[in-house]
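Chain by chain, the residues run as shown.
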Amino acid sequence: MGTTPVVVVMGVSGSGKSTVGTLLADRLGVPYAEGDDFHPPANVAKMAAGHALDDEDRWPWLRSIAAWIHDHPSGAVVTCSALKRGYRDLLRGAGVPVWFLHLSGDPELIRARVAARTGHFMPPELLGSQYAALEPLGADEPGLTVDVAHTPQDIVAAATAALTPGSGQEGAPR
Ligand SMILES: Nc1ncnc2c1ncn2[C@@H]1O[C@H](COP(=O)(O)OP(=O)(O)OP(=O)(O)O)[C@@H](O)[C@H]1O
Ligand SMILES: O=C(O)[C@H](O)[C@@H](O)[C@H](O)[C@H](O)CO
């Protein structure tokens, strides 16, 4: 069992999960997976059509991500919105230490980034439903919340520092 947990980069659509996740995986030298790649086509079609996913849509998707986490006991990075506490509890049930990096920020800032983005299936109109579902990290959940006003590089530096043994933030609940 490796000492590096599986880092779940979480947050609403457009918060920067893919941008930060790829940089962080490279910095940590661990495998990376894009949570959106685990969605069944029906989920993607539903969101692209402007409809928010519900729990019934998300549980199978979350279970497939949890299976990937289980297969990476030496550490990895995976992006997953993981909006609700119950979703994160499922991911933590994978039998491998999990650590959450919540990319949090001003809705208008994130909305502007989503609107400026091209070629992505998620319409900006769904951001409201993402915030409505979002439950921030609890004090008992292992992880760190970082404001997305910072650069991706600074966010990766903060996460890497927090994951450094002895920092007091690595892996253990805060
Ligand atoms: N810290 C940042 N500062 C400035 N721009 C950022 C930052 N993080 C991400 N971006 C930009 O914001 C947009 C959304 O980023 P990204 O696609 O990584 O978000 P995401 O959370 O993975 O989105 P989704 O969940 O919809 O896939 C992109 O155009 C990206 O370049
Ligand atoms: O939980 C959800 O509603 C979904 O995972 C969304 O967050 C999108 O898949 C992702 O953000 C891409 O836009």
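Above: the structure in question.
Fair warning: this is a prediction, and the values are worked out from it, not measured in the lab.

Caption draft 1: Expanded view of the sheet that holds strand β1 (residues 6–10). Strand order in the open sheet formed by five strands is β2-β3-β1-β4-β5, with parallel pairing between adjacent strands. Edge positions in the open sheet fall to β2 (32–34) and β5 (143–147), since each of these has one partner strand only. Taking the axes of each pair of neighbouring strands and ignoring which way they run, one obtains an average angle of 15° across the sheet. Summarising the sheet, strand β4 (residues 98–104) and β5 pair through five bridges and their orientation is parallel. From the neighbouring strand, Leu101 faces β5, where its bridge partner is Leu144. With respect to the sheet, helix α3 (residues 55–70) is in contact with β1, β2, β3 (76–79) and β4, its orientation differing from that of β3 by roughly 170°. Sheet contacts for helix α7 (residues 152–163): β1, β4 and β5; angle to β4, the most-contacted strand, approximately 150°.

Cut-off values and rules
Residues numbered from 1 in each chain as written. Chains lettered and ligands numbered in written order. Predicted model: local features only at pLDDT ≥ 70, side-chain atom pairs only at ≥ 80, totals over all residues. Heavy atoms only, no water. Pairing = 2+ DSSP bridges. Helix = DSSP H or I, 4+ residues; strand = E, 2+ residues; numbered from the N terminus. Axes fitted to C-alpha atoms, helices over the stretch in contact; angles between N-to-C directions. Contact = heavy atoms within 4.5 Å.

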